[in-house]
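Now for the letters of each chain:
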Amino acid sequence: MHPENDPKKIWQSQPVEPSVMTIHLLRRRVRQLHARTRKQLVGSLVMPIVIIASYIYAIRQFHYPVVQSLFALTIAWSMAGVYFLNRGMWSAEMPGDAALSTGLEFYRREVDRRCSLFRRLLWWGFLPMISIIGTFILALATTEGSKSLPKAMPFITLLIVWVGAYLVIRMREQRELRREIDELNEVEKSVGG
Amino acid sequence: MNGVASQDELYRDVAEQFGSALERLARAYEVDPDKRRDLIQEIHFQLWRSFERFDARCSTRTWVYRVAHHVAASHVLRERRKFSNLVSVEELEMLPDKDHGHFAADRRINLDRLSALIQQLKPLDRQVIVSYLEDMDAASIGEITGLSPANVAMRISRIKNILARRFHEGGNHAS
């Protein structure tokens, strides 16, 4: 066999750059990770405040009880969403914590986690956002009738197209992840059997 | 203090012993040099962190490869657009080889072809092929991946077929 076409030789003799990670750099990375976590925590506190402030402003702008109730409902939904979305993010397992898990176990958990993250994002982030936009459109239609709504139509159309495209792309990704879970289930069955 | 010292010492030993293998592993998961550098740094970081709780329940080599493949698998899942185009080793076996018969006597070109082939695979199959290329036996690959010996053997057999078709045959035509 020609030595140039033995895959193992090709693979093992490839040129590699020496690693530049030192203990000092690793410790710096820990500090950076902590700083990023702190920033994310602050961000997760700022977000609910912004949401509440904008919804209260919206409630004060539109005086119809139905619209106000819908805004109030969406506030509650969004606040619950902030909690559930953050809970999902903080509980993510880092790869370094899973060395006792095999590749199959860890990968399966990661695919599962991404699937459930998307569901949480849909229920607690995306749908409350759609709900608030729908409520705004309803409020515009009921308070100012046909005057404001036609002006907002290009924006609303763009929004609907964006929402549709986003949903189609994310659903397709979701289907792929589910297919991957099915395949991994089959592999797990063969390992168990 | 001892824990910290042993964590650092363990990491230094492993970085020295497996540094090149980890660089090769990163190549199997990321084609872009900048992203690959980030991936390697993340692998080293997670490895160093992991040694805080290393209790020798498995060999150091299994531990190192598991952590490295976990980091890389997460990386692949994050790259959502690329993830949708990945195939299993069974599917890859059925795909026609565009370069078939065009064996290159240049090791660099062959390495690029081999890397491109690996990068088409789903993470679990990538773990098997990378371990195979690193000269590990089926038992070691099973310990890292969690696949049964029969499953590992079947995948290795398929991988060998693919590699033989794409490299050996091409080489025979050329020589």
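Residues numbered from 1 in each chain as written. Chains lettered and ligands numbered in written order. Predicted model: local features only at pLDDT ≥ 70, side-chain atom pairs only at ≥ 80, totals over all residues.

So, the overall build of chain A
Now for step 1: Broken down by element type, chain A carries 5 helices and 0 strands.
Now for step 2: The order of α-helices and β-strands along chain A, N terminus first, is α-α-α-α-α.
Now for step 3: For 193 residues, the compact-globule estimate of 2.2 N^0.38 gives 16 Å, and the C-alpha radius of gyration of chain A, at 25 Å, exceeds that figure by more than 25%.
Now for step 4: With respect to the principal axes defined by its C-alpha atoms, chain A has extents near 80 × 40 × 35 Å.
Now for step 5: Scored against the burial criterion, the 193 residues of chain A give a buried share of 17%.
Now for step 6: For chain A, the proportion of contacts with a sequence separation of at least 24, taken over those separated by at least 6, is 76%. (Helix = DSSP H or I, 4+ residues; strand = E, 2+ residues; numbered from the N terminus. Rg over C-alpha atoms; globule rule 2.2 N^0.38 Å. Buried ≥ 20, exposed ≤ 12 C-beta atoms within 10 Å, placed from the backbone. Contact = placed C-beta atoms within 7 Å.)

Structural notes on the environment of A:Ile59
Residues and elements named next belong to chain A.
Now for step 1: Assignment of secondary structure puts Ile59 in helix H2 (residues 23–61).
Now for step 2: On the basis of neighbour count, Ile59 is assigned to the partly exposed category, with 17 C-beta atoms found within 10 Å.
Now for step 3: Sequence separation of Ile59 and Ala139 is 80 residues, and the distance between their C-alpha atoms is 9.9 Å.
Now for step 4: Apart from residues no more than four positions distant in its own chain, Ile59 is found in contact with Gln68 and Phe71.

Thoughts on the nonpolar core
Taken as a class, soluble globular proteins show a tendency for nonpolar side chains to be buried jointly.
Now for step 1: Counting residues in hydrophobic clusters, the biggest one holds 56 residues, and the most contacted among them are B:Ala26, B:Ile43, B:Leu47, B:Val64, B:Ala68, B:Ala72 and B:Ile129.
Now for step 2: Each of domain 1 (1–83) and domain 2 (86–175) of chain B accounts for three or more of the residues forming this core.
Now for step 3: In this structure, B:Ile129 is in contact with B:Ile118, B:Leu121 and B:Ile159, ignoring residues within four places of it in sequence.
Now for step 4: The next biggest cluster of nonpolar side chains, apart from the first, holds 6 residues, and it includes A:Phe62, A:Leu70, A:Ile75 and A:Ala139. (Core = buried A, V, L, I, M, F, W, Y, C linked by C-beta atoms within 7 Å. Domains from an automatic or database assignment.)

What about the domain arrangement of chain B?
All names here are of chain B.
Now for step 1: Split by domain assignment, chain B resolves into domain 1 (1–83) and domain 2 (86–175).
Now for step 2: Across the boundary between the two partners, domain 1 contributes 14 residues, which contact 12 residues of domain 2.
Now for step 3: Secondary structure elements with two or more residues in the side of domain 1 that touches domain 2: helix H1 (2–29) and helix H3 (60–78).
Now for step 4: Top element by residues in the side of domain 1 that touches domain 2 is H3. It accounts for 6 residues.
Now for step 5: Among the residues forming the side of domain 1 that touches domain 2, the class breakdown is 10 nonpolar, 2 polar and 2 charged. (Nonpolar A, V, L, I, M, F, W, Y, C, P; charged D, E, K, R; others polar.)

Some points on the environment of A:Ile52
Residues and elements named next belong to chain A.
Now for step 1: Relative to the helices and strands, Ile52 resides in helix H2.
Now for step 2: When the 13 C-beta atoms within 10 Å are taken as the criterion, Ile52 is described as partly exposed.
Now for step 3: Separated by 79 residues in the primary sequence, Ile52 and Ser131 have C-alpha atoms spaced 15 Å apart.

Quick look at the interface of chain A and chain B
Now for step 1: Taken together, the contact between chain A and chain B spans 37 residues of the former and 50 residues of the latter.
Now for step 2: Those elements giving two or more residues to the side of chain A that touches chain B turn out to be helix H1 (7–12), H2, helix H4 (103–144) and helix H5 (148–192) of chain A.
Now for step 3: When residues of the side of chain A that touches chain B are assigned to their parent elements, the largest contribution, 8 residues, is made by H4(A).
Now for step 4: A per-class count over the side of chain A that touches chain B returns 20 nonpolar, 8 polar and 9 charged.

Some remarks on the environment of B:Lys35
Residues and elements named next belong to chain B.
Now for step 1: As for its position among the elements, Lys35 is in helix H2 (residues 33–50).
Now for step 2: The class for Lys35 is partly exposed, based on 14 C-beta atoms found within 10 Å.
Now for step 3: Along the chain, Lys35 and His75 lie 40 residues apart, while their C-alpha atoms are 9.8 Å from each other.

Comments concerning the confidence of the model for chain B
All names here are of chain B.
Now for step 1: The share of residues in chain B with pLDDT of 70 or more is 86%, and the mean pLDDT across the chain is 85.
Now for step 2: For chain B, the element scoring lowest by mean pLDDT is helix H4 (residues 80–83), at 70; helix H7 (residues 123–133) scores highest, at 95.
Now for step 3: Counted against residues more than four places away or in other chains, residues 171–175, with its pLDDT under 50, gives 9 contacts.
Now for step 4: Reported confidences for the modelled complex are a pTM of 0.81 and an ipTM of 0.84. (pLDDT = per-residue confidence, 0-100.)

Some points on the packing of H2(B) against H3(B)
All names here are of chain B.
Now for step 1: Axis separation between H2 and H3 bottoms out at 9 Å; the angle between their running directions is 135°. Considering their axes alone, H2 and H3 lie oblique with respect to each other. For the pair H2 and H3, the crossing hand works out as right-handed. Here H2 contributes Leu39, Glu42, Ile43, Gln46, Leu47 and Ser50 to the contact with H3, which in turn contributes Val64, Val67, Ala68, Val71, Ala72 and His75.
Now for step 2: Among the residues making up the contact of H2 with H3, the classes are represented as 8 nonpolar, 3 polar and 1 charged. (Axes fitted to C-alpha atoms, helices over the stretch in contact; angles between N-to-C directions. Parallel < 35°, antiparallel > 145°, perpendicular 65-115°, else oblique. Left-handed = near helix turned anticlockwise from the far one by under 90°.)

Description of helix H8 (residues 138–145) of chain B
Now for step 1: Every buried residue of H8(B) is accounted for by B:Ile141, B:Gly142, B:Glu143, B:Ile144 and B:Thr145.
Now for step 2: Just beyond H8(B), the residue with positive phi is B:Gly146, at close to 90°.

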